[in-house]
Amino acid sequence: MTDKLNLQSLNIPDEKRGELLRIFPEVRTEGGQIDFDRLRLALGELVDTGKERYGLNWPGKSACFKAIQTPSMGTLLPAPEESVNFDTTENLIIEGDNLEALKLLQKSYIGKVKMIYIDPPYNTGNDFIYPDNYSESLQTYLEYTGQTGEEGKRFSSNTDTDGRFHSKWLNMMYPRLYLARDLLRDDGVIFISIDDNEQENAKRLCDEIFGEVNFISQIMWQKMYSGKADAKHFGVFHEYILCYAANAENVDILLLPRTAEMNDRYSNPDADPRGDWLSNDLTAAGERSAGHYEVISPTGKIYNSPIGKHWLYSQNTMQNLLKDNRIFFGRTGESFPRLKRFLTEVQQGRRVNTIWLHEEVGHSDEGTKEVKKLFDSTVEFSAPKPSRLVKQMLLIASESGDIVLDFFAGSGTTAHAVLDLNKQDGGNRKFILVQLPEPTDRTDYPTIAEITKERVRRVIKKLNDEDGNEKHQDRGFRVFKLAESNFTPWNSSIDQSPEALSRQMEMHIEHVRQGRTDEDILYEILLKSGFPLSIPVSTLQVDGKTLYSIHDGIMLVCLDRNLTMPMVQAIVDRLPERVVFLDEGFAGNDALKVNAKEACKLKNIVFKVV
């Protein structure tokens, strides 16, 4: 096993291949590869090898898999100065390209996200930027944000006159949805807002990525409360929300809270100690031989089921209901008998339907006003979703402690909804937002990502002003920014001449990039080691040097550049599960590195260097 810490994001093809070989060991070839003919036989399938097959295809689809399978060599740099309660919060806002961010989150968050909500670009011909060279996303992103030393380059607009109008949108969405699927828990769900332009393609895309069997519902959201006078054919009042599961068999769509109107139908006119109730019919249509018998009221009046109907219960059960004061004969005791159904006995919630009206979840104009109000009318954001809409999704698909992801964060509506709902129900949901720093042509908020962060700051301040955060809820977020790895990678593709190799070897004498801090390096180590970015980190002083303790010492990270064996031994004596050293710390002293490795081996500690 190599001592070097793997700085790449999760290698998804290798993970999937390993999982297949674990489930179907009989398909393993002599070289450890997969025999796909054997796999088809193991699945009991007869495979049509012809060219004509049902499915969604478009120009560039094969390149999507290259984008998915190429590991990221980027990192996420912490920005405590832009965060709120950085040291204690578990919420994250990531500034950067979401394809790269999703790759970098794989090791730490695979199978941990309960709910994803995205409001992706709707492909209307002018509202989403597209990286022409998206298969090399990190480099494209660095060029776009001007981090390469050159002037920042703007992505191409996807205009509706482009011959690959739909294909570009599909190429942008496919790898992102594919990577997002792996982050979902086995009982997790994803909600995707979409309009008519790409609804059909979006559903077929999700059928392929998540599987048709994992389709949960297509919700219709009433986004407008009044029509537009300039509508060409029909006034479009709605958009769609697609809902898919990681595994539909394990998904439990929760009930919505009962409304006050539903509960107001219950009362307690006879002061029954069991509380409010509602009367129900005691008869049903149709004749039954045992369905006719006399029921006597407390006043002595006799009742029988009408002709063509029958009593719902047997005579014996009816007598028991009478003894239990479950039959109501009206306020005077002389009305036709009805069954008392107590509020405490009915379903304590309501099943969500597939049409979401604006009265219940808000409309587009509400979303716009919500942002303007938070920013004192100084910021107008294009078509933000109302937080009530996202809150409805959270109510039916998440519970306290769950992680919620939005990788097209926009103005930050998802974080707003999470924080609001946590206050409302005392929950502890966590959010992860990802937003591209797309320019806004503003001086106060030069990018959309800046608006995202500021909106969440203002929501937090608003909630704290309202209740003083008496429940000590997590109202903060850690900001991270996508950048090149802190470590210069060995470039095997360059000219292999002695001069070129010599230059590259000189770069690796000190392979940490200029200007990077120990905190930058620490969080890359956490990310590439599979720890969540929200994990508690503390510092220790060992032999006069600073040591980072991860999750109460489960991993110790030493970034000192001047290691000694006594210091190494002091670290080992703390018995972490693993320890990570900076390669520069050994200063070319191979004997010290070997001794450090052996000291770790004696105590069954995993030894890694970066």
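Provided above is the structure to which this section pertains.
Residues numbered from 1 in each chain as written. Predicted model: local features only at pLDDT ≥ 70, side-chain atom pairs only at ≥ 80, totals over all residues. Heavy atoms only, no water.

Q: Tell me what's going on with helix α7 (residues 199–210), and back it up with residues and numbers.
A: Here α7 contains 12 residues, and its C-alpha end-to-end distance of 16 Å stays within 8% of the 16 Å for a straight helix at 1.5 Å per residue. In the segment just after α7, glycine 211 is the residue with positive phi, at about 95°. (Helix = DSSP H or I, 4+ residues; strand = E, 2+ residues; numbered from the N terminus. Expected span 1.5 Å × (residues − 1).)

Q: Which residues make up the side chain of arginine 258, and what values go with them?
A: With respect to the helices and strands, the residue arginine 258 is situated in the loop between β8 (238–245) and α8 (260–264). Here arginine 258 sits buried without a salt bridge, and the closest side chain of opposite charge, aspartate 264, lies 9.4 Å off (N-O distance). At a separation of 3.4 Å, a polar atom in the side chain of arginine 258 contacts the main-chain carbonyl oxygen of glutamine 347. With near-sequence residues (within four places) excluded, arginine 258 lies in contact with Asn263, Tyr266, Leu343, Val346, Gln347, Gln348, Gly349 and Arg350. (Buried < 20%, exposed > 50% of the residue type's maximum accessible area, 1.4 Å probe, protein only. Lys, Arg positive; Asp, Glu negative; His and termini not counted. Salt bridge = Lys/Arg side-chain N within 4 Å of Asp/Glu carboxyl O. Polar contact = N/O pair within 3.5 Å; in protein donor to acceptor, adjacent residues only side chain to side chain. Contact = heavy atoms within 4.5 Å.)

Q: Break down the packing of helix α17 (residues 565–572) against helix α18 (residues 590–602) for me, with residues and values.
A: The contact between α17 and α18 brings their axes to 10 Å, and the two run at 20°. Looking at the two axes, α17 sits roughly parallel to α18. Note that α17 runs across α18; the crossing there is right-handed. Contact with α17, carried on its side by Met565, Val568, Gln569 and Val572, involves Leu592, Asn595, Ala596, Ala599 and Cys600 of α18 and no other residues of that element. Residue classes in the contact of α17 with α18 are distributed as 7 nonpolar, 2 polar and no charged. (Axes fitted to C-alpha atoms, helices over the stretch in contact; angles between N-to-C directions. Parallel < 35°, antiparallel > 145°, perpendicular 65-115°, else oblique. Left-handed = near helix turned anticlockwise from the far one by under 90°. Nonpolar A, V, L, I, M, F, W, Y, C, P; charged D, E, K, R; others polar.)

Q: Lay out the packing of aromatic side chains with the relevant residues and their values.
A: What the rule picks out here adds up to 18 aromatic pairs. On the basis of an interplanar angle of 65° and a centroid distance of 5.7 Å, the ring pair of phenylalanine 581 and phenylalanine 586 is categorised as edge-to-face. With respect to burial, phenylalanine 581 and phenylalanine 586 carry one shared label: buried. Against the face of tyrosine 178 rests arginine 181, its NZ or CZ located 4.6 Å from the ring centre. Cation over ring: lysine 203 sits above phenylalanine 215, and NZ or CZ is 4.2 Å from the ring centre. (Phe/Tyr/Trp six-rings, centres within 6.5 Å; stacked < 30°, edge-to-face > 60°. Lys NZ or Arg CZ within 6 Å of the ring centre and 35° of its normal.)

Q: So what's going on with the sheet that holds strand β7 (residues 215–222)? Which residues, and what values?
A: Spatial ordering of the open sheet is given by β1-β19-β2-β18-β17-β3-β6-β8-β7-β16, a layout of 10 strands whose pairing is mixed. The open sheet is flanked by β1 (74–78) and β16 (355–356), the only strands paired with a single partner. Here 4 bridges tie strand β2 (residues 92–95) to strand β18 (residues 430–435), and the two strands are oriented parallel to one another. Looking at β18, one finds that glutamate 95 is bridged to glutamine 435. In the packing of helix α13 (residues 413–425) onto the sheet, contacts are made with β3 (113–118), β17 (403–406) and β18, and the angle to β18 comes to roughly 170°. Of the strands in this sheet, β1 and β19 (478–484) touch helix α16 (residues 518–529), which is tilted by about 130° from β1. (Pairing = 2+ DSSP bridges.)

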